[in-house]
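Close look at the chain arrangement
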Amino acid sequence: MNIRKEESKDYKEVFNLIKNAFENEVYTDHKEQFLVERLRNSEAFVPELSLVAEVDGEIAGYVLLTKIKIINNDLQKTSLALAPIAVLKKYRGKGIGGKLILEAHQRAKELGFGSIILLGHEKYYPKFGYKMTKNYGIKLPFEVPDENCMLIELTENALKDVSGIVEYPKEFYE
Ligand SMILES: CC(C)(COP(=O)(O)OP(=O)(O)OC[C@H]1O[C@@H](n2cnc3c(N)ncnc32)[C@H](O)[C@@H]1OP(=O)(O)O)[C@@H](O)C(=O)NCCC(=O)NCCS
């Protein structure tokens, strides 16, 4: 398996992959493929953090990290949102999702980002070091259970003294 930056030639394959991956999921609007299209054209997009996992020339998995802000009155801290992550059904359970997450962490860290925030399954992400945002006094702007709101500090104390409400780019709401 090879993980690399997504290129424009991959867009169609990634669109179909995301559609396939979310098809049978319950907690989704089944429109993540359109979210990715909007985010690629947004100010929040970091091309280096749009990654594909290839197996024998086929794109088996995809992950995207985009810029978000943690807002506390006049204070703003830049962070990243992990959304979405998707692996084709036929490639599940082989560690591809996990490798994409860890590679995304590494590349984000190299680019100088200190943290990543996500909304996700409480049993999956803690394996990769994610903790509840609630423990940091950080809230997501959605009505969802606390255990699904998670973050990771990529560098020690990246979020020390940081608290507030996460502001997602407008493209998340269209
Ligand atoms: C989530 C997803 C990317 C994981 O990809 P993957 O390549 O199968 O993941 P890995 O092989 O690294 O890990 C598989 C492990 O995670 C568990 N797992 C996978 N998805 C899970 C989920 N939604 N909830 C709980 N556990 C999950 C599997 O049971 C398996 O556990 P095990 O290692 O104890 O056997 C993939 O299942 C997927 O595309 N799901 C649909 C899209 C989605 O829900 N994305 C996340 C929301 S943005």
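Before going into details, it helps to say that this report is about the structure given with it.

Criteria and thresholds
- Residues numbered from 1 in each chain as written.
- Predicted model: local features only at pLDDT ≥ 70, side-chain atom pairs only at ≥ 80, totals over all residues.
- Heavy atoms only, no water.
- Helix = DSSP H or I, 4+ residues; strand = E, 2+ residues; numbered from the N terminus.
- Contact = heavy atoms within 4.5 Å.
- Axes fitted to C-alpha atoms, helices over the stretch in contact; angles between N-to-C directions.
- Nonpolar A, V, L, I, M, F, W, Y, C, P; charged D, E, K, R; others polar.
- Buried < 20%, exposed > 50% of the residue type's maximum accessible area, 1.4 Å probe, protein only.
- Arc of directions from axis to C-beta.
- Near = heavy atom within 4 Å.
- Areas by Shrake-Rupley, 256 points an atom, 1.4 Å probe, with all protein chains shown as cover.
- Salt bridge = Lys/Arg side-chain N within 4 Å of Asp/Glu carboxyl O.
- Core = buried A, V, L, I, M, F, W, Y, C linked by side-chain atoms within 4.5 Å.
- Pairing = 2+ DSSP bridges.
- Expected span 1.5 Å × (residues − 1).
- Phe/Tyr/Trp six-rings, centres within 6.5 Å; stacked < 30°, edge-to-face > 60°.
- Lys NZ or Arg CZ within 6 Å of the ring centre and 35° of its normal.

Here we look at the side chain of H105
Along the chain, H105 turns up in helix α3 (residues 96-110). Not counting residues up to four positions away in its chain, the partners in contact with H105 are I116, F128, Y130, I152 and L154.

A short note on the packing of helix α1 (residues 11-22) against helix α2 (residues 32-40)
The contact between α1 and α2 brings their axes to 8 Å, and the two run at 145 degrees. Contacts from Y11, V14, F15, I18, K19 and F22 in α1 reach E32, Q33, F34, V36, E37 and R40 in α2. Per-class residue counts for the contact of α1 with α2 are seven nonpolar, one polar and four charged.

Considerations on α2
Taken as a whole, α2 has its buried residues at E32, Q33, L35, V36, L39 and R40. Taken around the axis of α2, the buried residues stretch over an arc of 155 degrees, which confines them to a single face. Tucked inside the fold, the buried residues of α2 contact α1, β2 (45-55), β3 (58-72) and β4 (75-87).

Here's the deal with the site of the ligand
Near the ligand lie 17 residues; those nearest to it are V87, G93, G95, G97 and G98. Relative to its unbound accessible area of 880 Å², the ligand is 66% covered by the protein chains. Within the shell around the ligand, the residues separate by chemical class into eight nonpolar, five polar and four charged.

Thoughts on the pattern of salt bridges
Any two side chains of opposite charge can pair, given that their charged atoms come close. Across all of its chains, the model carries ten salt bridges by this definition. Residue K90 is joined to E58 by a salt bridge in which the shortest nitrogen-to-oxygen separation is 3.2 Å. On the criterion of sequence distance, the pair formed by K90 in the loop between β4 and α3 and E58 in strand β3 is long-range, its members being 32 residues apart. Residue E58 is classed as partly exposed on the basis of its relative accessible area, which comes to 25%. Three or more residues are tied together by salt bridges with common partners; here these are R4, K9, D10 and E54.

Details of the nonpolar core
L82, I117 and Y130 are the most contacted members of the largest nonpolar core, which has 57 residues in total. Elements with a contribution of two residues or more to this core: α1, α2, β2, β3, β4, α3, β5 (115-119) and β8 (149-153). Per-element accounting of this core gives the leading share, eight residues, to β3. Not counting the four nearest positions on each side in its chain, Y130 is found in contact with L82, I101, H105, I116, L118, Y125, M150, L151 and I152.

Quick look at the pairing of β8
Across the five residues of β8, four count as buried, placing the element largely inside the fold. Of the strand pairs in this sheet, β5 and β8 are connected by five bridges, and their pairing is antiparallel. Each bridged residue has a counterpart across the sheet, and for I117 the counterpart in β8 is L151. In this sheet, β8 lies alongside strand β6 (residues 131-132) in antiparallel orientation, the contact comprising two bridges. Across the sheet, K131 pairs through a bridge with L151, a residue of β8.

Some details on α3
The end-to-end C-alpha distance of α3 is 21 Å, a good match for the 21 Å that 15 residues give at a rise of 1.5 Å each. Listing the buried residues of α3 in full gives I96, G97, G98, L100, I101, A104, H105 and A108. In this structure, the buried side of α3 is in contact with β1 (2-5), β2, β3, β4, β5 and β8. Phi for G112, located one or two positions after α3, is positive at around 95 degrees.

Overview of the packing of aromatic side chains
Considering all chains together, one arrives at seven aromatic pairs under this definition. Ring centres of F142 and Y173 lie 6.4 Å apart, and the angle between their planes is 40 degrees; on these two criteria the pair is classed as tilted. One end of the pair, F142, is in the loop between β7 (138-139) and β8; the other, Y173, is in the segment after β9 (164-167), with 31 residues separating them in the sequence. Residue classification places Y173 among the partly exposed positions, given a relative accessible area of 48%. Aromatic side chains Y168 and F172 sit 4.9 Å apart centroid to centroid with 65 degrees between the ring planes, which places their arrangement in the edge-to-face category. We classify Y168 as buried; its relative accessible area is 9%. Residue F172 is classed as buried on the basis of its relative accessible area of 19%. Chaining the aromatic ring pairs together yields one cluster made of Y124, Y125, F128 and Y130. Against the face of Y11 rests R40, its NZ or CZ located 3.8 Å from the ring centre.

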